[in-house]
Amino acid sequence: MLVPIAVSCMLIFGMSTVVTQKVLFSLGTTGCSSKHPQKFQKFAKPSFQTLSMFVGMALCLCVFYITKLFKKKDKKDAPLLNDKLQVEQPKAPAFIYMISAVPSLCDLCATLLLNISLLFISASVWQLLRGSMTVFTALMSRFILKKALPRFKWTAVAIIVFALTIVGASSLLGPTQPGSAPSTDTLLQLFGIIVALLGVVFQSLQVTFEQKLMADYTDDIPPALLVGIEGLYGMIFTGIILYIAQHLPQHGMIGHFYENTTESLCMLGKSNTILFTVIIYCFFILAYNLSGMYVTKFLSAVMRSALEGLRTLTILMANLIIHYLINPGFGEIWSRWTVVELLGFAFLIVGVYVYNGTIKLRGMHYPEEDKAPLVVSNHELSDDQ
């Protein structure tokens, strides 16, 4: 019973996080700009959204400690089993709590760059570009971890690269989507694609680091506790980023990274819609992380990776429904390039299944114990984004 619930929640809340991010970038209010108080200002705050993501991750600590309280109650109800339960729950090494700052920093860089890229490209294209994580992780596994990959996985990587090329073309050549900045021309869309891919590189570094240093301890620490700790580190790091972003020049290409936190707080105070959407986003992040953990626990990392591809389609469908049935100011427009995007989606799904070994190619050797794909780790469940 828990398996279909976990899968459904992962798809629903995973789609909801991306769509909510895009909607937030389209919302706005007046009276918060010091230079132009009457000017309508959009909530284009990628750094603040990154902070919101880490708040959602940190809320996993609440889930962890509430669960811990219930376990203590169960121990009191069954005192004879108390000693046995303590033996069955090993404690994590102390350094794990400190070293969690490293993947948290990688997650910060990845999420910040991915949030910035979402200002210039559509949500579905953004999600599809995240599929390139398979490519970068495979390369890092080969050249950093010195792990040889079988031929069928390199073939899958080539298929994924082809899919991403199709997706990039649909974004550059397709129409301007609702909620995008009016100046989002081809050059800025290309900038958004490059920034998104750079964010995926940091995600791959995060996964590679965890695979190298933390694989032996994944059974010794509850996932909710680990994600929560990384969320706390992320909040600290993001606070530093917000301070730096507020003092950046507001002109030129670097001006896209400028962000005034005072204005962000002002907009939250003046617009109940923005405040409510940010709160909902934090809840979606929390729910997505927890459901993703259970999918990996009850099924496998292979199935989670395949579901990530399905999540891409749900995002595209949700954006089309929002635009045509709810509010034409949001979502995505259907065009001939949407068909091209769907073609890229199909190739991406094929690439993921080939990489996982679900689709077997003739003439390829498949090891008997070829297990989870490299694109998934315990902390990838906090992707937030």
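Provided above is the structure to which this section pertains.
Residues numbered from 1 in each chain as written. Predicted model: local features only at pLDDT ≥ 70, side-chain atom pairs only at ≥ 80, totals over all residues. Heavy atoms only, no water.

In the contact formed by helix 2 (residues 46-58) and helix 11 (residues 223-245), the axes pass within 7 Å of each other and the chain directions differ by 160°. When the axis of helix 2 is compared with that of helix 11, the two are roughly antiparallel. In the packing of helix 2 onto helix 11, the handedness of the crossing is left-handed. In contact with S47, F48, T50, L51, F54, V55, M57 and A58 of helix 2, helix 11 contributes V227, G228, E230, G231, L232, G234, M235, T238, I241 and L242. (Axes fitted to C-alpha atoms, helices over the stretch in contact; angles between N-to-C directions. Helix = DSSP H or I, 4+ residues; strand = E, 2+ residues; numbered from the N terminus. Parallel < 35°, antiparallel > 145°, perpendicular 65-115°, else oblique. Left-handed = near helix turned anticlockwise from the far one by under 90°. Contact = heavy atoms within 4.5 Å.)

This part covers the packing of helix 6 (residues 101-117) against helix 11. Relative to each other, helix 6 and helix 11 sit at 55°, their axes nearing to 9 Å. What the angle tells us is that helix 6 and helix 11 run oblique. With respect to the hand of their crossing, helix 6 and helix 11 are arranged in right-handed fashion. Here A101, P103, S104, L105, L108 and L112 of helix 6 lie close against helix 11, whose contacting residues are E230, Y233, G234, F237, T238 and I241. Class assignment for the residues of the contact of helix 6 with helix 11 results in eight nonpolar, three polar and one charged. (Nonpolar A, V, L, I, M, F, W, Y, C, P; charged D, E, K, R; others polar.)

Scanning the model with the defined rule gives one disulfide in all. Disulfide pairing places C32 opposite C266 at an S-S distance of 2.3 Å. Its torsion about the S-S bond being -80°, the disulfide of C32 and C266 is classed as left-handed. Residue C32 is found in the loop between strand 1 (28-29) and strand 2 (41-42), and its partner C266 is found in helix 12 (residues 261-270); the two are separated by 234 residues along the sequence. Owing to a relative accessible area of 23%, C266 belongs among the partly exposed residues under this scheme. Here C60 stays unpaired: no disulfide links it, and the sulfur of C62, its closest cysteine neighbor, is 8.9 Å away. (Disulfide = S-S within 2.5 Å. Buried < 20%, exposed > 50% of the residue type's maximum accessible area, 1.4 Å probe, protein only.)

All right, on to helix 12 then. Because each turn of an α-helix spans 3.6 residues, side chains separated by three or four positions end up pointing in the same direction. Those residues of helix 12 that fall on the buried side of the exposure criterion are T261, E263, S264, M267 and L268. The buried residues of helix 12 occupy an angular sector of 155° when projected down its axis, which confines them to one face. Exposed positions of helix 12 whose direction lies more than 90 degrees from the buried face are T262, L265 and G269. (Arc of directions from axis to C-beta.)

With that out of the way, let us pick up a nonpolar patch on the surface. Together, I321, Y324, L325, I326, W334 and V339 make up an exposed nonpolar region whose accessible area comes to about 680 Å². Considering every element that reaches the nonpolar patch, the biggest residue donor is helix 14 (residues 301-326), with four residues. Within the secondary structure, W334 is located in the loop between helix 14 and helix 15 (336-356). Looking at W334, the relative accessible area reads 43%, which means it is partly exposed. (Patch = residues over 30% accessible without salt bridge, like charges linked within 9 Å, V, L, I, M, F, W, Y side chains within 5 Å. Areas by Shrake-Rupley, 256 points an atom, 1.4 Å probe, with all protein chains shown as cover. Salt bridge = Lys/Arg side-chain N within 4 Å of Asp/Glu carboxyl O.)

The tally for this structure, following the rule as stated, stands at nine aromatic pairs. Seen from their ring centres, F13 and F283 are 5.8 Å apart, and the 85° between their planes marks the pair as edge-to-face. You can see F13 sitting in helix 1 (residues 2-26) and its partner F283 sitting in helix 13 (residues 272-298), a full 270 residues away along the chain. According to the relative accessible area criterion, F13 is buried, its value standing at 17%. With centroids separated by 4.9 Å and ring planes inclined at 75°, the aromatic side chains of F64 and Y65 adopt a geometry described as edge-to-face. By the ring-pair criterion, three or more aromatic residues cluster together here, those being F13, F283 and F284. (Phe/Tyr/Trp six-rings, centres within 6.5 Å; stacked < 30°, edge-to-face > 60°.)

Let us now look at the nonpolar core. Grouped together as the largest cluster of nonpolar side chains are 52 residues, with contacts concentrated most on F43, I121, L129 and I274. The residues contacting I274, other than those within four sequence positions of it, are L24, L27, G28, F43, M267 and L268. The next biggest cluster of nonpolar side chains, apart from the first, holds ten residues, and it includes M53, C60, Y281 and L286. (Core = buried A, V, L, I, M, F, W, Y, C linked by side-chain atoms within 4.5 Å.)

Glancing now at the environment of V63. The residue V63 is located in helix 3 (residues 60-77) in this model. Residue classification places V63 among the partly exposed positions, given a relative accessible area of 27%. Sequence separation between V63 and L225 is 162 residues; the distance between their C-alpha atoms is 8.6 Å. V63 has contacts with L286 and L290, leaving out every residue within four places of it along the chain.

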